[in-house]
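A look at the structure
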Amino acid sequence: MRWALPCAALLCLVALALTGCGVAVAGRASAQTAGRVVQVTERDFKISAPAQLGTGRVTLRVHNAGPDIHELLVARVGGGAPLPLRLDGLTVDEDRIQAATLGNLEPGAPGVTRDLTVDLTPGRYVLFCNMYGHYRGGMHMQLVVN
Amino acid sequence: MQLTPAFRPFAARGRRTVIAILATLAAVSGGSVLLSTRATARSQHRAAMVEVAARQRTLAERYVNEVLLARSGAQADPGYTASILEQSARVLLAGGEAPEVNGDDDEADVTATTDPAVRGMLMQQQRLVHDLAATGHAILTHGSVMSVPLTADEQPPERNPVDRLRVLAALTGNVALNASRTIATNTDHNVTRLITLQVTVGALGLLISLLLAWALVAATRRQTAHFRSLVTSSTDLVMVFRGGKCRYASQSVVHMLGRPERELLADGFSALLHADDRALAASMQTSGEPQQAVLRVLNRFDEWRHLDAHVTDLREDRHIRGLVINARDVTERVRLEDELTRQAFHDGLTGLANRALFRDRLDQALARSVRSQEMLSVLLVDLDGFKQVNDTLGHDVGDQLLQGVARRFDEVVRPADTLARLGGDEFALLLDGAGETQAEAVARRLIESVSRPLVIGDRELTVKASVGVVMHLGGHGESEELIRHADIAMYAAKDSGGGAFRIFRTAMAQEFGQMLELEHELRDAIENGELKLHYQPEIDLTTRRVVGVEALVRWESPRRGLVSPGDFIPLAEATGLIMPLGELVLRDACRQTAEWRREGVAAEPFVTWVNLSGRQLSAGGVSEVVRRALDDAGLPASFLGLEVTETAIVPDGAAGERARAELQELHEQGVRIAIDDFGTGFSSLGQLRRFPIDVIKVDRSFVQGIEHDARDAAITANLVTLAHALGLVAIAEGIESGGQLASVRELGCDLAQGFLFARPVPAEELGQVLADGDFSALIDAPPTVAGI
């Protein structure tokens with residue numbers, strides 16, 4: 001009985017600390033989505049997404065099916081020419097297409113789904129992963145917006 | 001059910017708490033160290049893994065270069081690099097020892113990881129390594145690169161084998177690098193988690209320890225408070241002395257002595273002590289010896305309180321370092337004890353010492369006398385006439401009289417002398433160091449002190465004191481014997497008439513001893529029937545007939561022979577034996593008279609006269625005794641006459657009144673009353689009138705001188721005239737000669753009694769005496785012969 005009070009106080013403290021952490025985690029998980037949602041799946045070494053989309057704001061819900069880490073870049077391309085490569089011949093020169101890049105997702109761990117919101121205007125676009133060797137390993141696809 | 005004591009010793013509980021605190025801290029520290037050790041070990045494995053994984057990228061690129069060099073004919077060994085790549089990929093997945101690369105790297109132990117993401121990447125890497133090696137091999141053997149099956153879902157451009165090889169190497173390197181980064185990141189997270197965990201555990205341990213410590217402090221505080229209240233609320237006074245000075249005094253002193261604690265500090269307590277107790281207390285306060293003593297301390301109201309003090313030596317105890325005195329107020333107990341002692345040694349009525357204390361003091365004085373050869377005297381005082389006061393006025397008056405006498409005595413003795421009441425009306429006085437002259441002076445003062453009447457209520461009472469004095473001239477002595485001797489001397493004083501003192505002489509003891517013996521024998525004699533009645537005739541001088549007898553008691557002792565009434569009657573009166581003796585005489589006389597009456601020896605008017613003692617009269621109840629004797633014998637009251645002396649009826653007050661009433665009652669029933677030895681007492685005529693008297697007996701002392709002494713003759717003549725004037729009969733006693741007979745006849749006596757007519761004879765001889773006696777001849781004969 002003598003220790004009941006101190007023990008109870010201790011338990012309360014621990015419980016409070018734990019719930020505090022939980023709240024913080026939950027707060028980080030909330031994200032804002034808007035407009036249409038389009039499923040995009042990345043895997044080694046392929047990107048699957050609808051080939052055609054309407055104009056306007058669209059949210060790309062990007063799921064990395066792994067097993068490697070992947071990123072995603074969306075760039076508007078004219079005339080269907082291949083993207084310019086860096087001197088190594090293996091990665092896209094992002095600086096040269098910076099103006100045409102609508103958005104990108106930094107490298108993400110396998111199994112994780114992330115959103116990327118872009119405003120699409122009619123034209124041709126490329127979705128690709130520019131991790132070392134991935135672009136040329138097959139991770140790119142064309143998207144036409146009407 | 002076992003009850004837990006309300007109060008547990010501090011040591012046990014305190015130790016447990018301290019152990020709990022230490023255990024908590026040890027558990028926390030141990031856990032922390034264990035976690036750190038394990039985490040460090042794991043980190044080392046991870047570091048090796050990161051290194052091996054990262055190395056794969058370099059190896060993959062080196063492989064590409066070596067393939068190209070080999071194809072162009074340069075010296076290179078791509079096969080070796082491929083085998084290292086494949087071995088490393090396998091080790092990263094399954095764990096084990098990673099291969100060294102041309103001696104550049106140390107051997108590294110790798111533990112298989114369980115992280116599914118990392119494992120996925122490593123498996124992909126293994127597949128890519130396989131594809132890379134297969135493609136490289138195809139290039140070197142000039143096989144078809146395009147026909148090499150790819151296992152990792154890669155879709156490299158097909159037009160250039162070298163591009164394909166480079167892409168595969170890039171993919172391999174990238175996934176290997178990603179795996180190593182993930183491992184590193186995970187390790188970082190682990191470290192962060194570990195730090196967080198350790199901080200949390202440490203904080204929890206600290207918190208628990210603080211709580212325990214807090215509980216410990218609380219318990220300590222509670223116990224200290226508990227002790228403090230025990231000490232302060234206790235009615236006992238607790239003091240601590242260090243170096244002989246009072247360093248602490250508990251609050252109870254306020255209640256006990258009405259003084260604040262600070263007044264006792266330093267030398268305060270010692271200053272309040274009784275001077276006689278200071279040395280003792282000082283010894284207790286400095287050395288702890290004696291361990292217990294009753295000390296007298298002055299309280300706020302300047303009263304002495306008795307404190308029962310106990311010392312506990314805690315000089316070795318580092319918490320106290322002093323002597324602890326526990327003191328309890330035992331004043332009431334001491335008072336009670338004193339009172340009980342006083343009661344045990346004092347007489348409750350007068351407050352004087354009692355017999356026990358007197359004996360004690362006397363024993364002590366005698367013991368001193370053995371050494372000092374100093375004299376001492378013992379005075380024994382008895383009050384004459386106290387018994388009558390007690391009998392007639394009641395015990396209350398008697399008690400008050402004793403108190404008054406005690407006060408009077410107390411006024412005339414020195415404080416150093418021991419005055420005691422031994423019991424009843426017997427007082428004793430011990431004069432330590434007093435000689436005979438002083439003892440005599442004190443005896444006189446004692447007697448004189450009660451010579452003035454004592455006022456008890458609305459009465460004035462007078463008693464006389466008889467004092468027996470015994471001297472002890474120093475040396476050995478027995479208190480018992482001294483008291484006995486004083487008693488004998490006192491008895492002698494009483495015997496001489498009272499109101500006087502006698503100093504004990506050895507001869508007295510002898511006399512007294514004989515008297516005691518006589519008393520003892522008399523007691524037996526009454527029981528054994530050695531006492532016999534003799535009867536002496538009384539002659540009517542006119543009719544010359546015997547008209548009565550006087551019953552006279554005779555004691556025929558087998559040892560002493562015939563004992564004279566003059567020897568044993570006073571003794572019987574003094575000892576109270578007169579009561580059974582008197583009753584015996586009455587019953588015998590009545591029985592005998594009744595017999596004579598039946599036999600015709602005694603015919604009316606015939607009266608048997610029985611002497612009644614003053615003591616019998618004053619004790620009361622005589623009429624009842626007489627009544628019973630008459631009834632038992634079946635004798636008419638008119639045959640019985642009672643002779644009383646003047647002194648017996650003189651006492652004034654209730655006793656005299658009662659005696660008179662009883663005589664009156666008997667007289668009315670027909671019993672005759674005579675005044676014996678008339679003329680020798682001091683009866684006033686007025687008193688005579690108040691008593692129911694029939695007969696006056698003229699004392700033999702007048703009769704004996706009647707022939708030759710004109711004054712005796714004149715007195716006798718007057719007594720007879722007085723009797724006749726009051727309508728009473730006059731008897732002349734002790735007629736021994738014809739001359740005396742002639743004289744009394746001449747003076748007008750009605751009856752006569754004496755040896756001239758007949759000696760007292762046993763009952764059985766009386767008939768003969770009456771038959772033989774020619775009293776007419778005697779009466780008429782000329783007064784010439786004196787018969788015996």
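Residues numbered from 1 in each chain as written. Chains lettered and ligands numbered in written order. Predicted model: local features only at pLDDT ≥ 70, side-chain atom pairs only at ≥ 80, totals over all residues. Heavy atoms only, no water.

Before going further, it helps to spend a moment on the sheet that holds strand E3 (residues 237-242) of chain B. All names here are of chain B. What the 5 strands build is an open sheet, ordered E4-E3-E7-E6-E5; its pairing is antiparallel. The open sheet has two free edges, formed respectively by strand E4 (245-249) and strand E5 (292-298), since each of these has just one partner strand. On average, each strand axis in the sheet is tilted by 35° relative to the strand beside it, whichever way the strands run. Note: E3 against strand E7 (residues 322-329), 5 bridges, orientation antiparallel. Bridging across to E7, Val238 finds its partner in Asn326. Of the strands in this sheet, strand E6 (304-314) and E7 are in contact with helix H8 (residues 331-345), which crosses E6 at around 120°. (Pairing = 2+ DSSP bridges. Helix = DSSP H or I, 4+ residues; strand = E, 2+ residues; numbered from the N terminus. Axes fitted to C-alpha atoms, helices over the stretch in contact; angles between N-to-C directions. Contact = heavy atoms within 4.5 Å.)

Here we come to the environment of B:Ser252. All names here are of chain B. Structurally, Ser252 can be placed in helix H5 (residues 252-257). Overall, Ser252 belongs to the buried group, its relative accessible area being 5%. A sequence separation of 14 residues divides Ser252 from Val238, and the C-alpha atoms of the two residues are 8.0 Å apart. Setting aside residues no more than four positions away along its own chain, Ser252 makes contact with Thr232, Ser234, Thr235, Asp236, Leu237 and Val238. A polar atom in the side chain of Ser252 sits 2.8 Å from the side chain of Ser250. (Buried < 20%, exposed > 50% of the residue type's maximum accessible area, 1.4 Å probe, protein only. Polar contact = N/O pair within 3.5 Å; in protein donor to acceptor, adjacent residues only side chain to side chain.)

Residues and elements named next belong to chain B. As enumerated under the stated definition, the model contains 39 salt bridges over all chains in all. Between Arg587 and Asp632 there is a salt bridge, and its shortest N-O distance comes to 2.3 Å. Here Arg587, found in helix H16 (residues 578-599), pairs with Asp632, found in helix H18 (residues 622-633); they are 45 residues apart in sequence, far enough to count as distant. For Arg587, a relative accessible area of 32% puts it in the partly exposed group. Note on Asp632: relative accessible area 52%, which makes it exposed. (Salt bridge = Lys/Arg side-chain N within 4 Å of Asp/Glu carboxyl O.)

We now examine unusual backbone geometry. Omega for the bond connecting A:Asp44 with A:Phe45 falls within 30 degrees of zero, at -5°, which places this linkage in the cis form. Along the polypeptide, A:Phe45 turns up in the loop between strand E1 (36-43) and strand E2 (46-48). One non-glycine residue, B:Ala266, lies in positive phi territory at about 55°. Following the sequence through the fold, B:Ala266 ends up in the loop between H5 and helix H6 (268-272). Unusually for a residue other than glycine, B:Gln373 sits at a positive phi of about 60°.

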